[in-house]
Structure formats: structure tokens, C-alpha cells
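# Breakdown of the fold
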Amino acid sequence: MDSYSIESIKKKNRMPARLDFLQSGTGLILGLFMWAHMFLVGSIILGKGSFNFVAKTMELAFLSDTGHGFPIAVFFAVLTVFTLFLIHALLGVRKFPISWKQHRIIRDQMQMMNHTDTNLWYIQVITGFVMFFAGSVHLYIMLTNPGSIDPYLSADRIVSGNMWPLYLILLICVELHGTIGLYRLCMKWGWFAGKDARKSRKTLKALKNKLTIFFMSLGVFALLVFIVIGINHRDKVGERYNKHEPAVEQGQAEEQVQAEEQVPVEEHVQTEEHVQADEEIPAEGHEPEEAQPADVTHQ
Ligand code: HEM
């Protein structure tokens, strides 16, 4: 009886609901941020100049007289995202199975129910766990090097800094986690539910799959472009991109300069050869004449 009265006067704890709300909010912001992020990083597909423009705009270069921008702006942007990322991850850890026994129970129930959305939740748990480490590494690097985002420096980081395996794993996880997360948010809060909930769930799931494929392909393609640039730039690691000399043209220009430098040298060599030849011809021409009488004299 006592315990009943204690329970009944105890105020309802709203904390779990608030934490859930905070997790949904941070997840929504991060999910939308990742779409923007993938487009910004994907600008490398359009060329080094496009990526450089994006990077410089993020550094607010248009506000500085020198055009160099303010890497501190990137620092604060990364700090904000990193904080949201950590809050979101720590709130997510609450829902992780914390023992092998709990994990087994979840797996058994999943097999028994065979429910797609429950399976999606499990994918989110696994990808979220991986992202906690891989995402933290990436964000820490960005936080401590806010001024080192440029087509060459980024490609150097990916190839010569051996970041590509981490980016590939992070990319797969983030694209699965992000789109599943946004889909589950729609389901949880009833967004885009329409009149026929069953139909809209099907539509949203199809959209989720398409978005995952789109952003994953965009990311893989961008990563491949970075890898090609990074391989070609291996002997100049740490050298910044110069927007006045785009790399392809720069390479061609270098060849042209070399070619132009070689022309006078070759001409010079040819001229010398001609002079030598001219000098030799009369000498050769003279010798027989001189030798003949000599020979004749000897005979
Ligand atoms: C404001 C915060 C962020 C900034 C400024 C940023 C910046 C960048 C940049 C410049 C790259 C190109 C590679 C490089 O330079 O190293 C990149 C790649 C990448 N970032 Fe971020 N990032 C941020 C947040 C995040 C977050 C929160 C995630 C996910 C947890 C993430 C996941 C990735 C992935 C997966 C790639 C590889 C992209 C690809 O495969 O094409 N980033 N990021």
C-alpha cells in the first residue's frame, strides 16, 4: 500500500521524452547537414576550381581583402557540428544493448518478428557505433586543420595521409544511418503521413532507398576523384592549389614551357652542328686535295 502511494505521488519523469526529442532534433539537423555536406564535397567532381571555390566560400573569402578568407569560420562551423554529433551520439548510446544477453534477446526478437523497420533500427545501432569513432577522427582533423581544405590538400590527406579507408567506411555508415534516421523520424512524428499511412510508409521507404543510393554514389565518385588527384599529387604533398594555374592546364603549361625552352636549345645545337659541319666540309674537301699531291709526291 505504502509503495503504491509513493508511486502515485511521484511526479511523472519527462526526462526520457525530452532526451528523445533532443535526439530527434540533433539527428534531423545532422541528417540535413550531411546532404549539404555531400553536395559541397561532391563539387570536386566538377573540377578542382569548383571545390576550391566552395572551400574558399566556406572560409568567407569574399569578405576578406586578400581573398584568403578566415579559417576560423570553418573552425566554428566544425565545432558546432562536432558538438551536435557528440550530443546525438551520447543520446544514442542509451539505446544500445549493453550486454551480450541483451544483444541476443534483440536478435532473437528480430528474427521472430522479421519486421523491416526493426531491422533498420538495428542497422542504425551498428552504423552509429562505427560513426562514433570514424566521425570523431574526421571531425577532429577538420577542427585542428580548418585552413587546410583545398583540392590538393584534401586529396593529399585522402591518399598520402591514408584517410581513404576511413572515409569509405564513414561514407557507407553515414549514408545508411542518415537516410534511415530521417525515414524513422518521419514515421515517429507522423510527417508526410497523408491519408493512407500504409501507402505513405511505402513511398517514404522507396524514397529513402533512392536517396541512400544517390548520396552513396555521389560520395564514392567524389572519393575516387580525390584519390586520382591525390595519386597525381604524391610528389608535391602539402602544396596548395593555385586558382590561377589549374592543375591540368598547369601540367600542360609546364610541358609547353619545357618544349619552348628546348626549341632554341635544339636550334642552338643544330646551329652548332651546322657550323661544325660547315667547318668540317672544307677541311674534308681540302684534305684529299692536299693528300693527293702529297701522295702523288710520295709515289
Ligand atoms: C562542419 C563539419 C565538417 C566539415 C567542415 C567537413 C569537411 C569535409 C571535407 C573537406 C571533406 C573532403 C576530404 C578532406 O578534406 O579530408 C570531407 C569528407 C567527408 N566527410 Fe566531412 N566534414 C564535416 C562533417 C562531417 C560529418 C559530421 C560527417 C559524418 C559523420 C562527415 C563525413 C564525411 C565523409 C564520409 C567524407 C568522405 C566524402 C566522400 O567519400 O566523398 N563529415 N568532409
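In short, a report on the structure.

Cut-offs applied
Residues numbered from 1 in each chain as written. Predicted model: local features only at pLDDT ≥ 70, side-chain atom pairs only at ≥ 80, totals over all residues. Helix = DSSP H or I, 4+ residues; strand = E, 2+ residues; numbered from the N terminus. Buried ≥ 20, exposed ≤ 12 C-beta atoms within 10 Å, placed from the backbone. Contact = placed C-beta atoms within 7 Å. Near = placed C-beta within 6 Å. Nonpolar A, V, L, I, M, F, W, Y, C, P; charged D, E, K, R; others polar. Core = buried A, V, L, I, M, F, W, Y, C linked by C-beta atoms within 7 Å. Expected span 1.5 Å × (residues − 1). Arc of directions from axis to C-beta. Axes fitted to C-alpha atoms, helices over the stretch in contact; angles between N-to-C directions. Parallel < 35°, antiparallel > 145°, perpendicular 65-115°, else oblique. Left-handed = near helix turned anticlockwise from the far one by under 90°.

## With respect to the overall build of the protein
- If you tally the helices and strands in the protein, you get 10 helices and 0 strands.
- When the elements of the protein are put in sequence order from the N terminus, they spell out α-α-α-α-α-α-α-α-α-α.
- For the protein, the proportion of its 299 residues judged to be buried stands at 21%.
- Pairs at least 24 residues apart make up 80% of the contacts formed inside the protein by residues separated by at least 6 positions.

## Looking at the site of the ligand
- Contacts to the ligand come from 23 residues, most closely from Gly135, Ser154, Gly219, Ala222 and Leu223.
- When the residues that make up the shell around the ligand are grouped by side-chain class, the tally is 17 nonpolar, 5 polar and 1 charged.

## So, the nonpolar core
- Ranked by size, the top nonpolar core spans 32 residues in total, and within it Ile44, Ala155, Ile158, Leu170, Cys173, Val174 and Phe226 carry the most contacts.
- Listed by contribution, the elements that provide at least two residues to this core are helix H2 (15–42), helix H3 (48–58), helix H4 (71–93), helix H6 (116–144), helix H7 (151–159), helix H8 (164–189) and helix H9 (197–232).
- At 9 residues, H8 tops the list of elements feeding residues into this core.
- Apart from the residues within four sequence positions on either side, Ala155 is in contact with Phe226, Ile229, Gly230 and His233.

## Overview of helix H5 (residues 100–113)
- Spanning 14 residues, H5 covers 20 Å between terminal C-alpha atoms, matching the ideal 20 Å at 1.5 Å per step.
- Buried residues are scarce in H5, accounting for 0 of its 14 residues.
- Just past H5, the residue Asn114 takes up positive phi, approximately 50°.

## Regarding unusual backbone geometry
- Phi at Leu60 takes a positive value of approximately 55°, unusual for a residue other than glycine.
- With respect to the helices and strands, Leu60 occurs in the loop between H3 and H4.
- With phi around 55°, Asn162 is a residue other than glycine that occupies positive phi space.
- Among the structural elements, Asn162 can be located in the loop between H7 and H8.

## Points about the environment of Ala155
- Assignment of secondary structure puts Ala155 in helix H7.
- The exposure class of Ala155 is buried, given the 27 C-beta atoms found within 10 Å.
- Residues Ala155 and Leu224, 69 residues apart in the sequence, show an inter-C-alpha distance of 9.9 Å.

## Re H3
- Lys48, Phe51, Asn52 and Ala55 are the residues of H3 that are buried. The buried residues of H3 occupy an angular sector of 100° when projected down its axis, which confines them to one face.
- At the C-terminal side of H3, Leu60 shows a positive phi close to 55°.

## Observations regarding the packing of H4 against H6
- Where H4 contacts H6, the two axes come as close as 10 Å, and the packing angle between them is 160°. Relative to H6, the element H4 is oriented roughly antiparallel. In the crossing of H4 with H6, the sense of the turn from one axis to the other is left-handed. Contact residues: Phe75, Val78, Leu79, Val81, Phe82, Phe85, Ala89 and Gly92 in H4; Gly128, Phe132, Gly135, Leu139, Met142 and Leu143 in H6.
- Here the residues of the contact of H4 with H6 are counted per class, giving 11 nonpolar, 3 polar and no charged.

## Here we look at the environment of Lys56
- Structurally, Lys56 is set in helix H3.
- Taking the number of C-beta atoms within 10 Å as the measure of exposure, Lys56 has 18 and is therefore partly exposed.
- For Lys56 and Phe70, which are 14 residues apart along the polypeptide, the C-alpha to C-alpha distance reads 8.8 Å.

## Quick look at the packing of H2 against H9
- The interhelical angle for the contact between H2 and H9, taken along N-to-C directions, is 35°, at an axis separation of 9 Å. Remark: the crossing between H2 and H9 carries left-handed chirality. Packed against H2, whose contacting residues are Trp35, Met38, Val41 and Gly42, the element H9 presents Phe215, Leu218, Gly219 and Ala222 at the interface.
- Here the residues of the contact of H2 with H9 sort into 6 nonpolar, 2 polar and no charged.

## A word on the environment of Val130
- Tracing the chain through its elements places Val130 in helix H6.
- Along the sequence, Val130 and Ile169 sit 39 residues apart, while their C-alpha atoms lie 8.3 Å from each other.
- Discounting chain neighbours no more than four positions away, the residues touching Val130 are Ile169 and Cys173.

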